[in-house]
Amino acid sequence: MTAFRETTPKHRVGRKTCKKYTTYKKTLREDFLKRCGYCDDVDELRIRSYVIDHFLPRKPDGWTHTIPDNKYENLIYACPFCNSAKKNKWPTRNYKKSHDGIQGFVNPTLIKYGKLFRRNADGSIAVFNGNPLAKYIHENLALNQPIHALNWKFEKILKQEKILKTLHNSTTDPIIQASIRELRAQQGDLAAEIRGIYNK
Ligand SMILES: [Zn+2]
C-alpha cells in the first residue's frame, strides 16, 4: 500500500470576501491543486462537473446553523461523486465539531485527513489501520467507487508517458526507440479508453 495523497490542499489566507460562494470556484480550484479534496481525483477528466462543496453543509440534516455560505474556509473543491455522497450529513449536530472520533468528517485541508486512508496497488482507496472514523468517512463519501481507482490509473499513465518520452529522446538505438514507441502507443490507448469511460 502507498500513501493516499501526495499533497495537502490549503485555503489561501486573505482572499477578498465575495457575496456569492460560487465566485470562489477558480481560487478554490487553485488552492485544491485541481483535485477533489475528499478523494484526491485530479479534475482533468471531468473539470466541468467539479463543484464547490460546503464542508459544514449549508442545510445539515435535522438542524440549522448561522455560518454564512460564503465562508471561504468552509468551501471544498469536490468531484461530483464525493459531493453527492456526502449530501447534508453532519452527525455531531454541532457546527464546531466535525466528528466525535467515530462518526463525522475530517477537514481535507488537514494533514490528518490524508493519513486516514491508503492506496491499494490498483489505486483504490482503503481505510488505514481500521480507524473507525476513516471507516465512517470512507463509507459516507463512497470512496470505494471504482471511478477513483480509474482516475488514479489515468494520472499514473500520464506520468509514465512523460518518462517514456524522455527515455525515447535519450537514446539513438532504433530497437529501443521502437519498443518505447510501442509502449507509448499502448499507454495512449489506455488513456483514451479511460477518457471514453468518463465521457460516456
Ligand atoms: Zn471526490
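Everything quoted here is computed from the prediction, not taken from an experiment.

Participant: Let's hear about helix H6 (residues 174–198): which residues, and what values?
Facilitator: End to end, H6 covers 36 Å across 25 residues, agreeing with the expected 36 Å (1.5 Å per residue, within 8%). A small share of H6 lies buried, amounting to 1 of its 25 residues.

Participant: How would you sum up the nonpolar core? Please name residues and give values.
Facilitator: Judged by nonpolar contacts, the single largest core of 25 residues is most densely connected at Cys 36, Cys 39, Tyr 77, Ala 78, Cys 79 and Cys 82. Mapped onto this core, the elements with two or more residues apiece are strand E3 (75–78), helix H2 (80–86) and helix H4 (132–140). Counting residues per element, this core draws most heavily on E3, at 4 residues. Setting aside residues no more than four positions away along its own chain, Tyr 77 makes contact with Leu 28, Arg 29, Phe 32, Cys 36, Gly 37, Tyr 50 and Ile 52.

Participant: I'd like to hear about the domain arrangement of the protein chain, residue by residue, with values.
Facilitator: We note that the domain assignment places domain 1 (2–144) and domain 2 (149–198) within the protein chain. Each of domain 1 and domain 2 was reduced to a C-alpha centroid, and the two centroids are 31 Å apart. Every contact between the two is made by 8 residues of domain 1 and, on the other side, 8 residues of domain 2. Here the residues of the side of domain 1 that touches domain 2 sort into 2 nonpolar, 2 polar and 4 charged.

Participant: Outline unusual backbone geometry, supporting the account with residue identities and numerical values.
Facilitator: Positive phi values are uncommon outside glycine, yet Asn 129 reaches one of about 60°. Counting through the fold element by element, Asn 129 comes out in the loop between strand E5 (125–127) and H4. Classification of Asn 129 by C-beta neighbours within 10 Å gives exposed; the count is 9. The backbone of Ala 142 shows a phi angle near 50°, a positive value even though the residue is not glycine. Here Ala 142 is to be found in the loop between H4 and helix H5 (146–169). Under the C-beta neighbour-count criterion, Ala 142 is labelled partly exposed, with 16 such atoms within 10 Å.

Participant: Can you explain H4? Please cite residues and give values.
Facilitator: Restricting attention to buried positions, one finds in H4 the residues Ala 134, Tyr 136 and Ile 137. When H4 is viewed along its axis, its buried side chains cluster within an angular range of 160° and face the same direction. Residues of H4 that are exposed and angled more than 90 degrees away from the buried face: Pro 132 and Glu 139. Those residues of H4 hidden inside the fold are in contact with strand E4 (117–119) and E5. A positive backbone phi angle near 50° is found at Ala 142, which sits one or two residues after H4.

Participant: I'd like a description of the packing of H5 against H6, backed by residues and values.
Facilitator: Their axes nearest at 10 Å, the elements H5 and H6 cross at an angle of 155°. Looking at the two axes, H5 sits roughly antiparallel to H6. Helix-helix and strand crossings are classified by hand; for H5 and H6 the assignment is left-handed. From H5, Leu 150, Lys 153, Phe 154, Ile 157, Leu 158, Gln 160, Glu 161, Leu 164, Leu 167 and His 168 reach across to H6, where they touch Gln 177, Ile 180, Leu 183, Arg 184, Gln 187, Leu 190, Ala 191, Ile 194 and Ile 197.

Parameters and conventions
- Residues numbered from 1 in each chain as written.
- Predicted model: local features only at pLDDT ≥ 70, side-chain atom pairs only at ≥ 80, totals over all residues.
- Helix = DSSP H or I, 4+ residues; strand = E, 2+ residues; numbered from the N terminus.
- Expected span 1.5 Å × (residues − 1).
- Buried ≥ 20, exposed ≤ 12 C-beta atoms within 10 Å, placed from the backbone.
- Core = buried A, V, L, I, M, F, W, Y, C linked by C-beta atoms within 7 Å.
- Contact = placed C-beta atoms within 7 Å.
- Domains from an automatic or database assignment.
- Nonpolar A, V, L, I, M, F, W, Y, C, P; charged D, E, K, R; others polar.
- Arc of directions from axis to C-beta.
- Axes fitted to C-alpha atoms, helices over the stretch in contact; angles between N-to-C directions.
- Parallel < 35°, antiparallel > 145°, perpendicular 65-115°, else oblique.
- Left-handed = near helix turned anticlockwise from the far one by under 90°.

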